[in-house]
Amino acid sequence: NNMPRTTCGSLALPLFLLLMCVRSLSLAPPMAHAPFVSATWRTVGARMLTETEDARVAGKAELIEGLRREYDSFFNPMETQLYAEDVRFTDPLIELDGVNAYQKNVEMLAGNSALGKLLFSDCALVMHNVSSDASDRLTTRWTLQFRFNLLPWRPLARFSGISQYTIDERARVLRQVDYWDSVNLREGGGYEPAAKAAGFIDLLKQLAPKEDSAQAASGKELPFVLLRRGTDYEVRRYPLYAAACVEYERRIDAFGTLGAYTNGANERGEELLPYVPSLMSIPAATSEKSKAMLWPMLVPAVERGQRAPPQPSGRYDAFVSLEVVPTKVFAVLSFSDPTTETVVRGYGRLLRRAVARDGLVPVDAAVEELQLAQYDALNSLKTRRSEVWVELEEHPW
């Protein structure tokens, strides 16, 4: 029991000094390395944000590639991992909630389900392009078609438009809103929702039986990709093709000259089957430029390995030339009236106004010049099919 005694009073001074040291430390100015610590945390934070953004960009790119695969295969199969479980789909006809309802709808429309095989054939879906105006949004432009089998005349229905996708932080589709060019397109080229009745009426018009049309001049029609089916015109992309061409004053003379060329007045002495339509360039009324008629003869993308059209022979060598026409995009307006120059120019003015209304811009030459397309045999008496074409320079495709 020789240990010294410790009293509360003897502990008070050391505790007081310790508390003062702690307080002085808390009131002391920051240490010299504090700015370095703060900068380090800022660097770490920026790196984390960059990595998050990189992951989002990568996820969005994967989503775009997945959508391309689905469009190309018409959802065969649908890649359900690209969609949130509670995804919502809206178009001018229907609204759906949930990935299962979405999948059943696309499988039916593509003819992949039992009901779809019964209802539809010739199904196709083409994505023209995809764009993004925000980190959580995508927009695709597309054309859809299907043939309805339950009607005796089996009509082909076609739709074009855009899909606007809203995506989540995992780059999955949360919502898809479809707009049709034939229902939702507004002045200036934008889109707005419309009543469901408008979409239903548009579908019924396409399913209705068509009038008996005149016999086509050829069983081969120049192929094209439909870019827009609007209320009063279409937009099409035509491929590169080779054509026989002749300048003329009277249309009947041009038909006669090109008819002679295809009936054997060529260096191979062959009968040639051209594509329809016959295309006539109609210059401005004040222009001194000659009118010209083109008959498409060869589409390399379709007729791979085929020989080029033969050169004209005999006296036709002075009048018929062969030209290569590059791929072009045209606005197209159809009509069945007589193809007098006054009528053709009138429909040309209507088409140019519609194109300007929707924010499309013709090439400079097309402001005054247009093309007349005729599909029918000259002696046909039924409803004729004619079109005016205006080449476009600025468009969203």
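Quantities reported herein were computed from a predicted structural model and do not represent experimental measurements. Once a new chain begins, its residue numbering starts again from 1 and follows that chain's sequence as written. Under the rules for a predicted model, residues below a pLDDT of 70 receive no local features and side-chain atom pairs below 80 are neither given nor counted, while totals for whole chains, interfaces and linings still include all residues. Side-chain figures throughout are based on the complete set of non-hydrogen atoms in the structure, without hydrogens or water.

*Asks:* Outline the overall build of the chain, listing residues and values.
*Replies:* Only DSSP runs of H or I reaching four residues or more are called helices, and only runs of E reaching two or more are called strands; each is numbered from the N terminus. Helix and strand counts for the chain stand at 7 helices and 16 strands. Taking as baseline every contact in the chain between residues at least 6 positions apart, the subset at least 24 positions apart corresponds to 65%. Roughly 22500 Å² of accessible area belongs to the chain as shown, and the carbon and sulfur atoms make up 56% of that amount. When checking whether two residues touch, look at their non-hydrogen atoms; a contact exists if any pair is within 4.5 Å. Every accessible area reported is derived by Shrake-Rupley at a probe size of 1.4 Å, with residue values counting cover from the shown protein chains alone.

*Asks:* So what's going on with a nonpolar patch on the surface? Which residues, and what values?
*Replies:* A contiguous nonpolar surface patch, about 260 Å² in accessible area, is contributed by L93, F200 and L204. You can see F200 is positioned in helix α5 (residues 196–207). Accessibility here uses a 1.4 Å probe with only protein chains present; expressed as a share of the type maximum, an area under 20% marks a residue as buried, one over 50% as exposed, and anything in between as partly exposed. A relative accessible area of 47% places F200 in the partly exposed class. Like-charged residues are merged into a patch within 9 Å and nonpolar side chains (Val, Leu, Ile, Met, Phe, Trp, Tyr) within 5 Å, provided each residue has over 30% relative accessible area and no salt bridge. Each reported salt bridge corresponds to a side-chain nitrogen of Lys or Arg within 4 Å of a carboxyl oxygen of Asp or Glu.

*Asks:* So what about helix α6 (residues 251–262)? Which residues, and what values?
*Replies:* One turn of an α-helix holds 3.6 residues; hence residues three or four places apart share an orientation. Any helix carries an expected span of 1.5 Å times its number of residues minus one. For α6, which comprises 12 residues, the first-to-last C-alpha distance of 17 Å matches the rise-based estimate of 16 Å (1.5 Å per residue) to within 8%. Looking at the buried side of α6, the elements it contacts are β9 (241–248), β10 (278–282), β11 (291–298), β12 (321–325) and β15 (370–374). At the exit of α6 stands G264, carrying a positive phi of roughly 130°.

*Asks:* Give me the lowdown on the side chain of T257, citing residues and values where you can.
*Replies:* Within the secondary structure, T257 sits in helix α6. A residue is classified by how much of its surface remains accessible, and T257, at 16% relative accessible area, is buried. Residues within four places of T257 in sequence aside, it is in contact with V246, Y316, F319 and V320.

*Asks:* Explain the pattern of salt bridges to me, using residue names and the numbers behind them.
*Replies:* Scanning the model with the defined rule gives 24 salt bridges in all. Of the charged contacts in the structure, one is a salt bridge between R68 and E65, with a shortest N-O distance of 3.8 Å. Taken together, the positions of R68 and E65, both in helix α2 (residues 34–73) and 3 residues apart, correspond to about one turn of that helix. Taking relative accessible area as the criterion, E65 reaches 41% and is therefore assigned partly exposed. A salt bridge links K289 to E369, with the shortest nitrogen-to-oxygen separation between them at 3.2 Å. Placement of K289 in the loop between β10 and β11 and of E369 in the loop between β14 (361–362) and β15 is noted, with a sequence separation of 80 residues between them. Here the salt bridges do not stand alone but share partners, grouping R158, E221, E234, R236, R385 and E387 into one network.

*Asks:* How would you sum up the packing of aromatic side chains? Please name residues and give values.
*Replies:* Each pair of aromatic rings taken from Phe, Tyr and Trp, with Trp reduced to its six-membered ring, is defined by centres within 6.5 Å and is described as stacked if the planes are under 30 degrees apart, edge-to-face if over 60, and tilted in the remaining cases. Following the criterion strictly, the structure yields 16 aromatic pairs and no others. Relative to F146, the ring of F120 has its centre 4.8 Å away and its plane inclined at 65°; by these criteria the two rings are edge-to-face. Of this pair, F120 sits in strand β3 (residues 120–134) while F146 sits in strand β4 (residues 137–148), placing them 26 residues apart in sequence. Judged on exposure class, the residue F120 and its partner F146 are both buried. Between the aromatic rings of F120 and F148, the centroid separation amounts to 6.1 Å while the plane-to-plane angle is 55°, which identifies the pairing as tilted. In this pair, F120 is assigned in strand β3 and F148 in strand β4, connecting sequence segments 28 residues apart. Here F120 and F148 have matching classes, each one buried. Three or more aromatic residues link up through ring pairs in this structure, and these residues are Y71, F74, F75, Y83, F89 and Y102.

*Asks:* Lay out the sheet that holds strand β5 (residues 156–167) with the relevant residues and their values.
*Replies:* At least two bridges found by DSSP between two strands are what make those strands a pair. Judged by pairing direction, the sheet is mixed, and its 6 strands sit side by side in the order β2-β1-β6-β5-β4-β3 without closing on themselves. On the outer flanks of this sheet lie β2 (95–97) and β3, each paired with one strand and no other. Neighbour-to-neighbour, the strand axes of this sheet turn through a mean angle of 20°, independent of strand direction. Across 10 bridges, the pairing between β3 and β4 is antiparallel. Considered in β4, the bridge of S131 is made with T139. Inter-axis angles, ranging from 0 to 180 degrees, are taken between N-to-C directions of lines fitted to C-alpha atoms, where helices are fitted over the stretch in contact. Along the sheet face, helix α3 (residues 99–109) touches β1 (83–90), β2, β3, β4 and β6 (173–180) and points at about 55° away from the line of β1.

*Asks:* Describe the pairing of β5, and please don't skip the residues or the numbers.
*Replies:* Pairing of β4 with β5 involves 11 bridges; the strand directions are antiparallel. Within β5, the position partnered with L144 by the bridge is F159. Here β5 runs beside β6; their pairing, made up of 7 bridges, is antiparallel. Across the sheet, the residue bridging to Q164 is V177, located in β6. With antiparallel pairing between neighbouring strands as the criterion, β5 and β6 make up a hairpin whose turn holds 5 residues, including A171 at a positive phi of roughly 60°.

*Asks:* With reference to specific residues and values, describe the side chain of D202.
*Replies:* Here D202 is to be found in helix α5. Ignoring sequence-local partners within four residues, the contact set of D202 consists of F159, W180, S182, V183 and R229.

*Asks:* Let's hear about the pairing of β10: which residues, and what values?
*Replies:* Where burial is concerned, most of β10 is hidden: 5 out of the 5 residues are buried. Residues S278, M280 and I282 point to one face of β10 and L279 and S281 to the other, with burial holding for every one of them. Note: β10 against β11, 3 bridges, orientation antiparallel. Across the sheet, L279 pairs through a bridge with L294, a residue of β11.

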